[in-house]
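Topology and contacts: notes
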Amino acid sequence: MTKQIPVAEELFTWPSDSPQLIGTHYPDSGVTTFPQSTACPKTAAQNGERVLLPRVGKLWSWTIQGFLPKSPPYAGKETPKTFKPYGVGYVQLADEVIVESRLTTAEASELKIGMDMELVIIPFSTDDDGNELVTYAFAPVKK
Amino acid sequence: MAEDVAIIGIGMHPFGRHDNTGMEQGAYAARAALKDAGCDWSDVNYAFGGSSAAGNADTMVSALGLTGLPFINVANGCATGGSALISAYNAINAGAADVCMAIGFDKHPKGAFDPDPADFGLGKWYGDTGLMLTTQFFGMKIQRYMDQYGISASTLAKVAVKNFHNGSLNENAWRRKPMTEDEVLNALMLSNPLTQYMFCSPGEGGVALILARGDIAKKFQKKPVYLRSAVLRSRPFGSFEVFNSWLSPDRGNSPSVGAAAAAFKMAGMSPSEMDIAQVQDTESGAEIMHMAECGFCEDGEQEDLIQSGATNLDGRLPINTDGGCLANGEPVGASGLRQVYESALQLRGDAGAHQVPKPIKTAFTHVYGAPGISACTVLSR
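First, a word on scope: everything that follows refers to the structure included in this document. Here the structure is a predicted model, which is why all the values come from computation and not from measurement.

Procedures and definitions
- Residues numbered from 1 in each chain as written.
- Chains lettered and ligands numbered in written order.
- Predicted model: local features only at pLDDT ≥ 70, side-chain atom pairs only at ≥ 80, totals over all residues.
- Heavy atoms only, no water.
- Pairing = 2+ DSSP bridges.
- Helix = DSSP H or I, 4+ residues; strand = E, 2+ residues; numbered from the N terminus.
- Axes fitted to C-alpha atoms, helices over the stretch in contact; angles between N-to-C directions.
- Contact = heavy atoms within 4.5 Å.
- Buried area = accessible area lost by both parts, 1.4 Å probe.
- Salt bridge = Lys/Arg side-chain N within 4 Å of Asp/Glu carboxyl O.

1. Brief notes about the sheet that holds strand β3 (residues 32-33) of chain A
Two strands in a sheet stick together by hydrogen bonds in their backbones, pointing the same way (parallel) or opposite ways (antiparallel). All names here are of chain A. Taken in spatial order, the 3 strands of this open sheet run β3-β2-β4, and their pairing is antiparallel. Strands with a single pairing partner mark the edges of an open sheet, and in this sheet they are β3 and β4 (49-52). When strand β2 (residues 22-25) meets β3, the two strands line up antiparallel, connected through 2 bridges. The partner of Thr24 across the bridge, within β3, is Thr33.

Written out as structure tokens, the structure reads:
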């Protein structure tokens, strides 16, 4: 039985029916970082609190990764022949933070700055035992 | 600012792909700069240099002569050359040296850079999941900028067309073949909206500059060029940089804004007084955005400026007169010094086929790179 293994611990809540990204909120500056951090980049305060980030937001910018990234650091198992472009974007989550993420679509015609997006968990590779490695991504909200 | 620091010698190893090592390309540039300055290596009493992938600059003394001079290696990513220059400038201003060399060289493997997430303070997951690519950042920064300020894909392409044209006139450039707007637009889309020919490539090359106290410059060089300011800045809070897993909704300026403003202030000049400019064109969009970040226009004005040819060699403000990074490639350690080399060449009137037709007295350079650093200079005759 293959399992789904998150790419990193404490990046998003998992397993979960409604996963959320995990960040650090600094109460003095109001700054929220993603992923978690040990000091506020604005004030250097070290009193950050672990927070779960909103699951929906608006697309802030986007691009489409058009060529196979070098491995390492990329851990995908595609070859130049099997590689399919993937979307990458920044999604603004309320007024808290803008997070960088893979997108579930790589079609330019489906992406527009300001559109509503929601968090999903997607497989991006497999490990040596055949388990699925999963990461977070944002998908256009279906109307 | 008085005529305190002069550039008395410039030397360059052609950019591109070569059989010799990066270090040898650096030594070649150093010898050329010394010859141009009419001075001997033994006249140089301080040196600063670096490469990101071609070895320690100070080992070059075994090729130039073991004179015992202090030689400090500089490693500052894309601003390595700019940092070497600023260090030399400061050493002369501080009275630590009369004649200084700033040198940068590099030799990178083909293809996009493949940095290690840990070097940038990021978890391994960031690279694993396919986010560790500088090209994505450039695509996303200009994507939003185009949406906000009405910059067209045609304007992106025109920047590349201009820089390849300028490169075709420059014997030291790597890419010497002019391209049409259609060829640029219809090329492979690497990172939407940027195509293959809108990106520069990692490459090879070397540049050396010999600097001297302004009051002794003419003993060496009939046509010295004066460095009116040299400034380096790291990123302020709220800037948008490569390899940011998050951004603050409370947006701030790029480090280029602060570096350029400080360079103009130190020089006592304004952007409107610059006759030519070299600005970082890692890709076409970067040149467009840096025009505004450095103070040459308001956001969005680039559309008309570029479409009307204002930044061409014969335009009002020629930009990247040697073809920029697009035509020269990016040997990281040498790139910032190439801009200063080109500025000095233009100010002396020695640029040959790519010399701007109008008479010029002032020049500006701007380098930008990971993880959010910018170095700017103002030069004049």
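There's plenty left to go through after this.
2. Description of the sheet that holds strand β2 (residues 46-50) of chain B
Residue and element names in this part refer to chain B. Taken together, the 9 strands give an open sheet; going across it, the order is β3-β2-β4-β7-β1-β8-β12-β11-β10, and neighbouring strands pair in mixed fashion. In the strand order of this sheet, the two ends are held by β3 (71-73) and β10 (276-279), each with one partner. Looking at each pair of strands side by side, their axes are set apart by 20° on average, direction ignored. The sheet contacts of helix α1 (residues 22-37) involve β1 (5-16), β4 (99-107) and β7 (204-213), and relative to β1 the element is tilted by about 140°. Its contacts with the sheet place helix α13 (residues 332-348) against β1, β2, β4, β7, β8 (225-234), β10, β11 (362-369) and β12 (373-380), and it is angled at close to 120° to β1.

3. Description of the interface of chain A and chain B
Each partner contributes residues to the interface: chain A has 43 residues there, and chain B has 37 residues. Between chain A and chain B, the buried area comes to about 3300 Å², and carbon and sulfur atoms account for 63% of it. Across the contact surface, chain A and chain B share 1 salt bridge. Residue Asp250 of chain B is joined to Lys42 of chain A by a salt bridge in which the shortest nitrogen-to-oxygen separation is 3.2 Å. At the level of elements, β3, β5 (56-65), β6 (86-93), β7 (97-103) and β9 (132-140) of chain A are the ones that each hand at least two residues to the side of chain A that touches chain B. With 2 bridges joining them, β7 of chain A and strand β9 (residues 246-247) of chain B adopt antiparallel strand pairing. Residue pairing for β9 of chain B: Val99 of chain A is matched across the bridge by Trp246 of chain B.

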